[in-house]
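In case you want the letters, here they are:
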4 protein chains.
Amino acid sequence: MITRPKPSAKAPDTKIYERRESGVRSYSRAMPRQFNKAQGVWMHDNEGGRYLDFLSGCSSLNYGHNHPVLKQALVDYIAGDGVTHALDLHTDAKAEFLSELENVILKPRGLNYRAMFTGPTGTNAVEAAIKLARKVTGREMVVAFTNGFHGMTLGALACTGNAGKRGGAGVPLSHVSHEPFDGYYGPDVDTADLLEQRLADPSSGLDAPAAFLVETVQGEGGLNAASPEWLRKIAALAKKHGALLIVDDIQAGCGRTGGFFSFEDMGFTPDIVTLAKSLSGMGLPFALTLLRPELDVWSPGEHNGTFRGNNHAFVTATAALRTFWADPAFARDVTRRGALLERRLEDMAKRFDLSTRGRGMMRGINVGSGDVAAKITGICFKEGLIIETSGAHDEIVKVLAPLVIEDATLELGLDILENAVAETIAPVDASDSTGRQTSRKLGIAA
Amino acid sequence: MITRPKPSAKAPDTKIYERRESGVRSYSRAMPRQFNKAQGVWMHDNEGGRYLDFLSGCSSLNYGHNHPVLKQALVDYIAGDGVTHALDLHTDAKAEFLSELENVILKPRGLNYRAMFTGPTGTNAVEAAIKLARKVTGREMVVAFTNGFHGMTLGALACTGNAGKRGGAGVPLSHVSHEPFDGYYGPDVDTADLLEQRLADPSSGLDAPAAFLVETVQGEGGLNAASPEWLRKIAALAKKHGALLIVDDIQAGCGRTGGFFSFEDMGFTPDIVTLAKSLSGMGLPFALTLLRPELDVWSPGEHNGTFRGNNHAFVTATAALRTFWADPAFARDVTRRGALLERRLEDMAKRFDLSTRGRGMMRGINVGSGDVAAKITGICFKEGLIIETSGAHDEIVKVLAPLVIEDATLELGLDILENAVAETIAPVDASDSTGRQTSRKLGIAA
Amino acid sequence: MITRPKPSAKAPDTKIYERRESGVRSYSRAMPRQFNKAQGVWMHDNEGGRYLDFLSGCSSLNYGHNHPVLKQALVDYIAGDGVTHALDLHTDAKAEFLSELENVILKPRGLNYRAMFTGPTGTNAVEAAIKLARKVTGREMVVAFTNGFHGMTLGALACTGNAGKRGGAGVPLSHVSHEPFDGYYGPDVDTADLLEQRLADPSSGLDAPAAFLVETVQGEGGLNAASPEWLRKIAALAKKHGALLIVDDIQAGCGRTGGFFSFEDMGFTPDIVTLAKSLSGMGLPFALTLLRPELDVWSPGEHNGTFRGNNHAFVTATAALRTFWADPAFARDVTRRGALLERRLEDMAKRFDLSTRGRGMMRGINVGSGDVAAKITGICFKEGLIIETSGAHDEIVKVLAPLVIEDATLELGLDILENAVAETIAPVDASDSTGRQTSRKLGIAA
Amino acid sequence: MITRPKPSAKAPDTKIYERRESGVRSYSRAMPRQFNKAQGVWMHDNEGGRYLDFLSGCSSLNYGHNHPVLKQALVDYIAGDGVTHALDLHTDAKAEFLSELENVILKPRGLNYRAMFTGPTGTNAVEAAIKLARKVTGREMVVAFTNGFHGMTLGALACTGNAGKRGGAGVPLSHVSHEPFDGYYGPDVDTADLLEQRLADPSSGLDAPAAFLVETVQGEGGLNAASPEWLRKIAALAKKHGALLIVDDIQAGCGRTGGFFSFEDMGFTPDIVTLAKSLSGMGLPFALTLLRPELDVWSPGEHNGTFRGNNHAFVTATAALRTFWADPAFARDVTRRGALLERRLEDMAKRFDLSTRGRGMMRGINVGSGDVAAKITGICFKEGLIIETSGAHDEIVKVLAPLVIEDATLELGLDILENAVAETIAPVDASDSTGRQTSRKLGIAA
């Protein structure tokens, strides 16, 4: 039986943050609680509140908080004085991770990649990917896409579309052209064709690209999901023009859209793939850049990073691969649950005349403006649901529930969301509003 | 009684690395063993070998491997389902870390900084620092220094001197001027004066700088230690010319030179300080950018990163602050041990007509070339001592022993090093060589 | 009566060029003659050959070669020891030019510009324009357009679309976004709307622009003529987004499209206009950047150039303004003659199933490929007609006859062109080919 | 007999300039007269004033204004309908210029260069030079020097030291490192050695350079003359490090320092030389980039410019080569006159405790500040002497008299200058001041 969230009424003393934490902090502003424990889909604060987590560390907690198998593996490792930090020295933990990656992920998918441990953040993985693409091709320009998000260090930030993030650079962001993503100009314009025309035109001003850097579903940029057709065209374009195809699978990968990679079964193979977020399975910092062996032209140490050998993360990542990816059951379950989520969001969209976005368990609903979205997520939080927004104007309420969530709990959270939407936006059919809200409320066990 | 290292003779099967790990790996090439456990100053491989660690994760393991107090704190935290990953939400672990930072580090030193959690790698901390400096000043150019090392993402890499690392960028690295570090042109040229002349000259071509980014001791660049006088001049220059002073204390901080910060008691206060490496105390990914409150002009989320809230690291960092920095005993001990290290290296230098570098427990010996240094470290490794090189030509053999090392163990490692030098370089006084080697050898307990 | 061209059969000794002139020379390769005299629409070589000039110095000789009035003014000036070079000191010649510019050009058109003497080349004028736009707005990014050509110095080259020209830079060309020109994606896509969408989207990755830099007719880029509607939209977009509108009228201005400026009567006023090519009227180096007085924020000497005070050019430019622009007859005549040119090219296009481009006396015919175009212009040259190509693939044969050409001479040249096309491309109606060629040939007086 | 200058008291009506000329104008502010005629060393204004010209168009008028031989050649050429503008088509005028360049300049000096006609401004010549160096070497970074001035378009401006000029760019100026010029750190520091150390150090942060761009005497930067030893070292350094040596001889070339090139007889040969200013001999816009034939890797048209074929300038340049450089008399005379100038300036320096700068007929006196210099040049102008300043702070009063000036006229001008200095600065020996001033005054014929 599902118990509903119990948010705490009392906010914690935040003086230490005001005094000592930079004002750059953001999520803690809309969710002013101090958390102490977390298990599965639930977070707990230090006033006894309990919250259902539909944010999942922005998709870093696909298997939920502190998954018991992963947790046990990590505790055992630490207790046994397993190597914690080892730069890029070989360790048992690394060897096991690489073997599991090979056996559980690469081989069954017919993929042949090498793993580059880049420093344990997504932005490092992206920096390594574009450095490599530039090195391999001898070209400088990278094609990124509108609404793309790839990180906050200077190389990755140049590939990021968001003006607010870009403005933080303090220097012009160069060597990147931002091209329209799939559907950017509406359903009637094929933006891959537009790009092709400019690439083929020696007078377009678009320099020959080193790489195309693309997310199959844009996590921060509004949950825009590219169609397989468009992605195949982009892959073919890259090949035709001597550019590498980099899929940034940091948010959409690790099962979020169903498969381990978000591009599985789409009929193309990226040259380079970046992974991070849920890679460690437990939220530990870990990032990878996967690359075709022929592209592995790095000199030893040409790219490095102190924490590239985060063995704790190797341990939990290995456990996660074994637990969730050794057989296809998990992926099937995510796909099925993603369909449930889709159905619920489509219903909501119909009811309130809105539209939905996304793919798999990475979906959202466009509520028209950031203000409306903030109102909705604010109501949700008061009801004990942690949920956030996405998109150029923060106008998409996004559902990033843990992939391991029970269907009933997912429905519970979606009920809270739907009620919050109903409190904020009038439904299309006025007669309907109270009825549905009530019925839903009744469905929730106390 | 100190037992000497017992390196294993048998190298592990490395096929998985060759097949699946990028050729960018480096340390594992010179030290082809597979490690599995580590405790204190010792690392163990999976063939039963035991190694004394004079590399310490490039200064990321100042308190040794898996320090029992830190380890216990972490295991307890995990076992109790403490929040692992929380973006920048408030957590008990973060609040405790901030409080401890305030009480144990900042207040006693009369420092007033805010902490920015930047993403848990040093390069992210540097990127945040220079972004902020550019944002605050409205200027673009950053002054970095010859032989400086600041990271591998594009913004930090532009500040890094090493041509090999820079070459990996694939694009020109801009908006940075690399100025001569203290002593770069020999003892008779004050490079701060040279810099001042160019800054004061409106026709020098040196644009007004947003920041000076400096290491007090250049960890990767050859263990060059800047004098307090020079650093004070640089600090004054920055102030005079409206630039911010950023001390990159990623390698030299956290006790490596004695104090928690490497610039303590030098008579100047940086505007921004970056920390990483040993900050978590246990080698977990964690980085901070400390900034004067008046500089905290960030908009919420203007810089962010998925793993900026690595709560495991908060827990171990808090434990480390409590364990090592709550009273001055540790710092005093490091200083004393640093003097021992200095004495031994000076003796070696005298014996072999070499020169030494560095400060505190961050010292090295210049053996003239990378080839000679590689020979020496190779011999050391065969004797069970993990030790690496530094400098523009890898010509400095650097000693980065854990700060908690026993004096006798430190001497043991230095004996191994000295013997390796003696095997490689003829001593100044030929008669001396065998004698000393032998006596040293006798001093080592089996 | 019009006499036809008499090209010389004998090529000159070119050893001095091979020995001493850089291989960067281009036009002289396709037209290997050595010219010595030129008058009106005719050029003469040193073997007695005579050529009809449909290139006109790429629109630098709109009034023909050595126009007698301009020539006399210049000879008188030189003979009287008029100041030749004066940096930016005041001279009678400059004052007279400014007065004439004000009275003949600006006032009658209700325009209020200041003239900036930028150094006497088009690229200098463009550099000054974009520098000013960046200075005024505090922004760095300039929107230029596909197939745009703006010059070869680094700032202007970054705004130029052509890959061959761009490749000469040797550094990445930054701070410019090349957006699709009017009609770039075919008649059904309004590229101004596409641009508007991206400018309005804070996550598009398109930074806020300092300026839009646009040619109304793209001289080098294929004689693409923007529609007044599109230009008005672009002007409105610039205003809305705080960017300056720079019209690069270097090739299309000075009467080439009918009016003195190419944007007259279109319902918008640029913030900045660049002029060069035919500005001096006689082919002397002279360039101007016209700017709205409110934008004139330059410090004295902040942009300069040794030859910005080319007084010979002031003299001939003044004479040209007086001769051609003091009453509307000339403009009317150019417009009328442009219609004749249009008619003839449209006929040709119909006959050979081709398409035309351009506006006013700046028109061309798309013959499908650079190879075909080169064949055609080669035949023309053998017949005594100097004519060149344009476009991304050099596939447009462009007619840039002097504006002062007699109608009959224009027809003569067009006959030569049409015959050359007919020799190269089969007409749509096969029966027609010989007939027309013959009749045309008969029409030419010997 | 020398007649002294007669400046006019009445300033002209300047309303047209205020209304229609950009505020970027500079020289006309300190010299608010309107000039109309100029002959030899004299300029005349439209109020009957006559001025001795010690500015010479910043060295663009080395042979004086409107030299009769050059003037006659030009008038004849124009009168005969010689080709004025011909893009890069071959013309008699170009062939003659190339032949004369070969016979009079290159062959006697044993130099083997090709001439690239780059567009007729110095900045275009510099842009072409650095583009070529980057293209040839595949490197991006250019070493320029403190106080260097190379032009105002973006590529050349990045090589220019002056902060005021640089600030006009509105974008960061990249891909250039500004290194200390000869003597920058005083007589005891060899800046070539400093540079060598950094170039040889793979961790200095100085990227491998495409070129060194250097003036032998820095015209705008304060008339700093590099020693032959230093220049030879720089030439050797360039060679050693695979960089091209570009001598920017735009101001110091064409006889200003005695020889046609400023680097003659110094024991090294630049790879590339830029020329402009006095190249046409009459102040007409003309610039050249000379390059070693092996470096001539340009594709046809890869760099171009509408006015690269300024045939009027070819005509006067050819006449100038014939008149002044066919035998060594002129160079000898300039050298002799330069010595006279040196003597006079040294005397002045001694008398007023100042220092001198420069070489040949390109010399100045450092009067300590821009304010003092402006006072002095202001007094000079009132006395009918046109003279300007140079240097980072405009603190150098520079003498750029025409090279053809009679000794007595040179002395006359220097007397005016000395008196102006004396009015402004107290002499070292107080008793001396009136005496010398008087005697000098008596020496001037009325």
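Residues numbered from 1 in each chain as written. Chains lettered and ligands numbered in written order. Predicted model: local features only at pLDDT ≥ 70, side-chain atom pairs only at ≥ 80, totals over all residues. Heavy atoms only, no water.

**Q** It is not clear to me how the overall build of chain A should be interpreted in this structure. Could you clarify?
**A** Looking only at helices and strands, one finds 15 helices and 18 strands in chain A. Relative to the compact-globule value of 22 Å for 446 residues, chain A shows a C-alpha radius of gyration of 22 Å, a close match. Classification of the 446 residues of chain A by burial places 68% in the buried group. Across chain A, contacts joining residues at least 24 apart in sequence account for 74% of those joining residues at least 6 apart. Put simply, chain A shows about 13,500 Å² of open surface, and 50% of that area lies on carbon and sulfur atoms. Of the side-chain charges in chain A, 48 are positive and 53 negative, and the distance between the mean point of each set is 4 Å. (Helix = DSSP H or I, 4+ residues; strand = E, 2+ residues; numbered from the N terminus. Rg over C-alpha atoms; globule rule 2.2 N^0.38 Å. Buried < 20%, exposed > 50% of the residue type's maximum accessible area, 1.4 Å probe, protein only. Contact = heavy atoms within 4.5 Å. Areas by Shrake-Rupley, 256 points an atom, 1.4 Å probe, with all protein chains shown as cover. Lys, Arg positive; Asp, Glu negative; His and termini not counted. Charge placed at Lys NZ, Arg CZ, Asp CG, Glu CD.)

**Q** It is not clear to me how the interface of chain C and chain D should be interpreted in this structure. Could you clarify?
**A** By a widely used convention, the size of an interface equals the accessible area lost when the partners come together. Taken together, the 106 residues of chain C in the interface contact 106 residues of chain D. Contact between chain C and chain D buries roughly 9,400 Å² in total, counting both sides, with carbon and sulfur atoms accounting for 58%. Sorting the residues of chain C by area buried against chain D places R20, H90 and F307 of chain C first, and these three jointly supply 9% of that buried surface. At the surface where chain C touches chain D, the tally comes to eight salt bridges. Taken together, the connections running from chain C to chain D amount to 61 residue pairs in polar contact (both at pLDDT 80 or more). At seven residues, helix α5 (residues 92-106) of chain C tops the list of elements feeding residues into the side of chain C that touches chain D. For strand β4 (residues 90-91) of chain C and strand β1 (residues 34-39) of chain D, the ladder comprises two bridges, and the chain directions are parallel. Within the sheet, the bridge partner assigned to H90 of chain C lies in β1 of chain D and is Q34 of chain D. (Buried area = accessible area lost by both parts, 1.4 Å probe. Salt bridge = Lys/Arg side-chain N within 4 Å of Asp/Glu carboxyl O. Polar contact = N/O pair within 3.5 Å; in protein donor to acceptor, adjacent residues only side chain to side chain. Pairing = 2+ DSSP bridges.)

**Q** Explanation requested: the relation of the copies chain C and chain D in the structure shown.
**A** Each of the two chain copies can be brought onto the other by rotation about an axis and movement along it. Mapping chain C onto chain D is achieved by rotating through 180° and translating by 0.0 Å along the same axis, at an RMSD of 0.0 Å. With respect to symmetry, the two chain copies, as superposed, fit the operation of a two-fold axis. Considering only C-alpha atoms, the residue of chain C closest to the rotation axis is L154 of chain C, which sits at 2.6 Å. Most of the interface of chain C is mirrored in chain D, where 100% of its interface residues are also at the interface. (Least-squares fit on C-alpha atoms with pLDDT ≥ 70 in both.)

**Q** Sorry if this is basic, but what is going on with the domain arrangement of chain A here?
**A** Residues and elements named next belong to chain A. Domain parsing of chain A yields domain 1 (15-60 + 329-442) and domain 2 (68-325). Domain 1 puts 27 residues into the contact, and the matching count from domain 2 is 25 residues. Both faces considered, domain 1 and domain 2 share a buried interface measuring about 2,100 Å² in area, 53% of it formed by carbon and sulfur atoms. Here E220 makes a salt bridge to K398, at a shortest N to O gap of 3.6 Å. At the junction of domain 1 and domain 2, the tally comes to 15 residue pairs in polar contact (both at pLDDT 80 or more). For the side of domain 1 that touches domain 2, the secondary structure elements donating two or more residues are α3 (56-59), α12 (329-352), β14 (355-359), β15 (362-366) and β18 (396-399). A total of four residues in the side of domain 1 that touches domain 2 trace back to one element, the largest contributor, which is α12. (Domains from an automatic or database assignment.)

**Q** Hey, could you run me through unusual backbone geometry in this one?
**A** Leaving glycine aside, a negative phi is the common case for residues, and trans is the common case for peptide bonds. One non-glycine residue with positive phi stands out, namely K277 of chain A, at about 30°. Within the element layout of this structure, K277 of chain A appears in the loop between β12 (272-275) and β13 (288-291). At D265 of chain C, a position not held by glycine, the phi torsion is positive, near 60°. You can see D265 of chain C is positioned in the loop between β11 (244-248) and β12 (272-275).

**Q** I tried to follow the side chain of T409 of chain A on my own but got confused; where do I start?
**A** Residues and elements named next belong to chain A. Along the polypeptide, T409 turns up in helix α14 (residues 407-424). Look at T409 and you get buried, because its relative accessible area is 5%. In contact with T409, other than residues within four places in its own chain, are I2, V41, W42, L52 and F54.

**Q** Help me out: how do you make sense of the sheet that holds β1 of chain D in this one?
**A** By way of backbone hydrogen bonds, the strands of a sheet pair with one another, either parallel or antiparallel. The strand order β4(C)-β1(D)-β2(D)-β3(D)-β16(D) describes an open sheet built from five strands, whose pairing is mixed. The open sheet is flanked by β4 of chain C together with β16 (385-386) of chain D, the only strands paired with a single partner. Examined bridge by bridge, strand β2 (residues 42-45) of chain D and strand β3 (residues 50-53) of chain D share three bridges and lie antiparallel to one another. Counted as the bridge partner of H44 of chain D is R50 of chain D from β3 of chain D.

**Q** Looking at this structure, how should I read helix α10 (residues 228-240) of chain D?
**A** An α-helix turns once every 3.6 residues. As a result, residues three or four positions apart point the same way. Residues and elements named next belong to chain D. Helix length check: α10 (13 residues) gives 18 Å between terminal C-alpha atoms against 18 Å at 1.5 Å per residue, within 8%. Packed against the buried residues of α10 are β6 (141-145), α9 (191-200), β8 (209-214) and β11 (244-248). In the stretch just after α10, G242 is the one whose phi turns positive, near 70°. (Expected span 1.5 Å × (residues − 1).)

**Q** What is the right way to read the pattern of salt bridges from this model?
**A** A side chain of one charge can pair with a side chain of the opposite charge if their charged atoms are brought near each other. Using the criterion set out here, one finds 123 salt bridges over all chains in the structure. A salt bridge links K71 of chain D to D81 of chain C, with the shortest nitrogen-to-oxygen separation between them at 2.7 Å. Of this pair, K71 of chain D sits in helix α4 (residues 68-79) while D81 of chain C sits in the loop between α4 (68-79) and β4, which puts the two residues in different chains. Residue classification places D81 of chain C among the buried positions, given a relative accessible area of 14%.

**Q** Could you clarify how one ought to interpret the pairing of strand β14 (residues 355-359) of chain D in this entry?
**A** Regular strands place their side chains on alternate faces of the sheet. Residues and elements named next belong to chain D. Sheet topology note: the β14/strand β15 (residues 362-366) ladder contains five bridges and is antiparallel. Opposite S355, over in β15, you have N366 as the bridge partner. Hairpin remark: β14 followed by β15, antiparallel, with two residues in the connecting loop; positive phi at G360, about 55°.

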